[in-house]
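A structural walkthrough
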Amino acid sequence: MTLTQKIFSGCAALVLAMVALGVTTWFLMSQGARGAEITKAYRVPQLERVAAIELNVTRASLQVRHLILSRTPEEAATTLADIGRLLGVLDESVAAFGKATTDDAGRQAFVPIPGLLGQFKTTATQNVQLIQQGRKDEAFAFLVEKTIPARNALLGPLEAEKQRQSQLLAKEMGLIVDEAYLALYV
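Procedures and definitions
Residues numbered from 1 in each chain as written. Predicted model: local features only at pLDDT ≥ 70, side-chain atom pairs only at ≥ 80, totals over all residues. Heavy atoms only, no water. Salt bridge = Lys/Arg side-chain N within 4 Å of Asp/Glu carboxyl O. Helix = DSSP H or I, 4+ residues; strand = E, 2+ residues; numbered from the N terminus. Buried < 20%, exposed > 50% of the residue type's maximum accessible area, 1.4 Å probe, protein only. Axes fitted to C-alpha atoms, helices over the stretch in contact; angles between N-to-C directions. Parallel < 35°, antiparallel > 145°, perpendicular 65-115°, else oblique. Left-handed = near helix turned anticlockwise from the far one by under 90°. Contact = heavy atoms within 4.5 Å.

1. Thoughts on the pattern of salt bridges
Applying the stated criterion across every chain, the model contains 10 salt bridges. One salt bridge in this structure joins R85 and D82, with 2.8 Å as the shortest N-O distance. Of the two residues, R85 and D82 both sit in helix α2 (residues 73–99), 3 residues apart, roughly one turn of that helix. Here R135 makes a salt bridge to E138, at a shortest N to O gap of 2.5 Å. Owing to a relative accessible area of 34%, R135 belongs among the partly exposed residues under this scheme. Judged by relative accessible area, E138 falls into the partly exposed class, the value being 42%. Connected through salt bridges with shared partners, the residues E54, E159 and K162 form a single ionic network.

Written as C-alpha coordinates, this is what we have:
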(Lines give C-alpha, C1' and ligand atoms only; values in the text may rest on other atoms or scores of the structure.)
Protein backbone atom coordinates (compact mmCIF):
# COMPACT_ATOMS: atom_id res chain seq x y z
CA MET A 1 0.00 0.00 0.00
CA THR A 2 1.17 3.45 -0.75
CA LEU A 3 1.24 6.18 1.84
CA THR A 4 -1.80 7.83 0.24
CA GLN A 5 -3.78 4.57 0.38
CA LYS A 6 -2.81 4.11 4.03
CA ILE A 7 -3.96 7.66 4.87
CA PHE A 8 -7.27 7.15 3.00
CA SER A 9 -7.77 3.77 4.72
CA GLY A 10 -7.10 5.33 8.09
CA CYS A 11 -9.47 8.20 7.36
CA ALA A 12 -12.15 5.78 6.16
CA ALA A 13 -11.77 3.73 9.35
CA LEU A 14 -12.07 6.89 11.46
CA VAL A 15 -15.15 8.02 9.52
CA LEU A 16 -16.77 4.59 9.97
CA ALA A 17 -15.94 4.66 13.68
CA MET A 18 -17.43 8.15 14.01
CA VAL A 19 -20.57 7.10 12.12
CA ALA A 20 -20.91 4.02 14.35
CA LEU A 21 -20.44 6.20 17.44
CA GLY A 22 -23.00 8.70 16.17
CA VAL A 23 -25.56 5.99 15.38
CA THR A 24 -25.02 4.31 18.76
CA THR A 25 -25.34 7.62 20.62
CA TRP A 26 -28.45 8.54 18.63
CA PHE A 27 -30.01 5.15 19.39
CA LEU A 28 -29.28 5.37 23.12
CA MET A 29 -30.53 8.94 23.38
CA SER A 30 -33.70 8.13 21.43
CA GLN A 31 -34.35 5.17 23.75
CA GLY A 32 -33.97 7.46 26.76
CA ALA A 33 -36.21 10.10 25.22
CA ARG A 34 -38.86 7.49 24.35
CA GLY A 35 -38.72 6.16 27.92
CA ALA A 36 -39.09 9.69 29.31
CA GLU A 37 -42.08 10.36 27.03
CA ILE A 38 -43.80 7.15 28.15
CA THR A 39 -43.13 7.99 31.78
CA LYS A 40 -44.45 11.51 31.29
CA ALA A 41 -47.54 10.35 29.40
CA TYR A 42 -48.48 7.36 31.56
CA ARG A 43 -46.70 6.81 34.86
CA VAL A 44 -46.76 10.34 36.26
CA PRO A 45 -50.43 10.99 35.40
CA GLN A 46 -51.43 7.65 36.98
CA LEU A 47 -49.58 8.58 40.15
CA GLU A 48 -51.32 11.95 40.11
CA ARG A 49 -54.70 10.25 39.69
CA VAL A 50 -54.09 7.94 42.64
CA ALA A 51 -52.92 10.87 44.78
CA ALA A 52 -55.98 12.91 43.79
CA ILE A 53 -58.31 10.04 44.71
CA GLU A 54 -56.58 9.61 48.07
CA LEU A 55 -56.75 13.34 48.75
CA ASN A 56 -60.41 13.69 47.81
CA VAL A 57 -61.49 10.63 49.80
CA THR A 58 -59.73 12.05 52.84
CA ARG A 59 -61.18 15.51 52.24
CA ALA A 60 -64.70 14.09 51.85
CA SER A 61 -64.45 12.21 55.15
CA LEU A 62 -63.09 15.32 56.86
CA GLN A 63 -65.95 17.36 55.43
CA VAL A 64 -68.44 14.87 56.87
CA ARG A 65 -66.83 15.47 60.26
CA HIS A 66 -66.92 19.21 59.61
CA LEU A 67 -70.62 18.94 58.79
CA ILE A 68 -71.19 17.41 62.23
CA LEU A 69 -69.34 20.36 63.77
CA SER A 70 -71.01 23.07 61.64
CA ARG A 71 -72.22 26.00 63.73
CA THR A 72 -74.54 27.73 61.28
CA PRO A 73 -76.93 26.61 58.54
CA GLU A 74 -74.79 28.49 56.00
CA GLU A 75 -71.64 26.67 57.11
CA ALA A 76 -73.51 23.36 56.93
CA ALA A 77 -74.84 24.16 53.44
CA THR A 78 -71.37 25.06 52.17
CA THR A 79 -69.89 21.91 53.67
CA LEU A 80 -72.69 19.76 52.29
CA ALA A 81 -72.17 21.20 48.81
CA ASP A 82 -68.44 20.47 49.06
CA ILE A 83 -69.13 16.87 50.10
CA GLY A 84 -71.37 16.43 47.06
CA ARG A 85 -68.74 17.97 44.80
CA LEU A 86 -65.98 15.77 46.21
CA LEU A 87 -68.04 12.60 45.80
CA GLY A 88 -68.69 13.53 42.17
CA VAL A 89 -65.02 14.27 41.56
CA LEU A 90 -64.16 10.88 43.03
CA ASP A 91 -66.38 9.12 40.49
CA GLU A 92 -64.64 10.97 37.65
CA SER A 93 -61.16 10.36 39.07
CA VAL A 94 -61.71 6.63 39.59
CA ALA A 95 -63.15 6.29 36.08
CA ALA A 96 -60.13 8.11 34.60
CA PHE A 97 -57.76 5.98 36.66
CA GLY A 98 -59.39 2.75 35.48
CA LYS A 99 -59.48 3.88 31.86
CA ALA A 100 -55.76 4.78 31.89
CA THR A 101 -54.70 1.46 33.42
CA THR A 102 -52.84 -0.48 30.74
CA ASP A 103 -50.98 -3.33 32.44
CA ASP A 104 -52.30 -6.48 34.12
CA ALA A 105 -50.99 -5.55 37.56
CA GLY A 106 -52.69 -2.16 37.32
CA ARG A 107 -55.96 -3.72 36.20
CA GLN A 108 -55.78 -6.14 39.14
CA ALA A 109 -55.10 -3.27 41.52
CA PHE A 110 -58.06 -1.36 40.09
CA VAL A 111 -60.60 -4.20 40.49
CA PRO A 112 -61.62 -3.50 44.12
CA ILE A 113 -61.51 0.29 43.90
CA PRO A 114 -64.95 1.03 42.34
CA GLY A 115 -66.69 -1.23 44.86
CA LEU A 116 -64.79 0.27 47.79
CA LEU A 117 -65.59 3.76 46.52
CA GLY A 118 -69.25 2.78 46.36
CA GLN A 119 -69.14 1.57 49.95
CA PHE A 120 -67.45 4.78 51.07
CA LYS A 121 -70.00 6.92 49.25
CA THR A 122 -72.88 4.92 50.75
CA THR A 123 -71.59 5.30 54.29
CA ALA A 124 -70.76 8.97 53.78
CA THR A 125 -74.28 9.57 52.45
CA GLN A 126 -75.81 7.73 55.40
CA ASN A 127 -73.62 9.81 57.69
CA VAL A 128 -74.87 13.01 56.06
CA GLN A 129 -78.49 11.86 56.46
CA LEU A 130 -77.97 11.35 60.19
CA ILE A 131 -76.52 14.85 60.46
CA GLN A 132 -79.39 16.37 58.47
CA GLN A 133 -81.83 14.64 60.82
CA GLY A 134 -80.13 16.42 63.72
CA ARG A 135 -78.73 13.20 65.18
CA LYS A 136 -75.19 14.50 65.55
CA ASP A 137 -74.11 12.13 68.34
CA GLU A 138 -75.20 9.14 66.26
CA ALA A 139 -73.60 10.72 63.20
CA PHE A 140 -70.27 11.05 64.98
CA ALA A 141 -70.42 7.44 66.16
CA PHE A 142 -71.33 6.38 62.61
CA LEU A 143 -68.39 8.41 61.28
CA VAL A 144 -65.99 6.61 63.60
CA GLU A 145 -67.49 3.14 63.23
CA LYS A 146 -68.45 3.09 59.53
CA THR A 147 -67.35 6.04 57.42
CA ILE A 148 -63.70 6.19 58.50
CA PRO A 149 -63.23 2.40 58.14
CA ALA A 150 -64.84 2.57 54.66
CA ARG A 151 -62.46 5.40 53.77
CA ASN A 152 -59.48 3.42 55.07
CA ALA A 153 -60.57 0.31 53.16
CA LEU A 154 -60.47 2.38 49.97
CA LEU A 155 -57.17 4.04 50.84
CA GLY A 156 -55.45 0.66 51.35
CA PRO A 157 -55.45 -0.52 47.71
CA LEU A 158 -54.79 3.03 46.53
CA GLU A 159 -51.68 3.20 48.69
CA ALA A 160 -50.51 -0.18 47.38
CA GLU A 161 -51.01 0.97 43.79
CA LYS A 162 -49.23 4.24 44.50
CA GLN A 163 -46.27 2.28 45.88
CA ARG A 164 -46.25 -0.02 42.83
CA GLN A 165 -46.43 2.92 40.45
CA SER A 166 -43.66 4.71 42.37
CA GLN A 167 -41.40 1.66 42.13
CA LEU A 168 -42.05 1.41 38.39
CA LEU A 169 -41.35 5.13 38.02
CA ALA A 170 -38.04 4.75 39.86
CA LYS A 171 -37.12 1.78 37.66
CA GLU A 172 -38.03 3.64 34.46
CA MET A 173 -36.10 6.72 35.52
CA GLY A 174 -33.13 4.50 36.38
CA LEU A 175 -33.20 3.05 32.87
CA ILE A 176 -33.34 6.52 31.34
CA VAL A 177 -30.38 7.63 33.43
CA ASP A 178 -28.45 4.45 32.55
CA GLU A 179 -29.06 5.01 28.84
CA ALA A 180 -27.96 8.63 29.14
CA TYR A 181 -24.74 7.66 30.94
CA LEU A 182 -24.10 4.89 28.43
CA ALA A 183 -24.49 7.41 25.61
CA LEU A 184 -22.19 9.78 27.46
CA TYR A 185 -19.44 7.20 27.82
CA VAL A 186 -19.75 5.57 24.38
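Still more to cover.
2. Focus on the packing of helix α1 (residues 3–69) against helix α4 (residues 112–132)
Two numbers describe how α1 lies on α4: the axes approach to 10 Å, and their chain directions differ by 15°. Looking at the two axes, α1 sits roughly parallel to α4. Relative to α4, α1 is oriented so that their crossing is left-handed. Across the interface between the two elements, V57, A60, S61, V64, L67 and I68 from α1 touch F120, A124, N127, V128 and I131 from α4.

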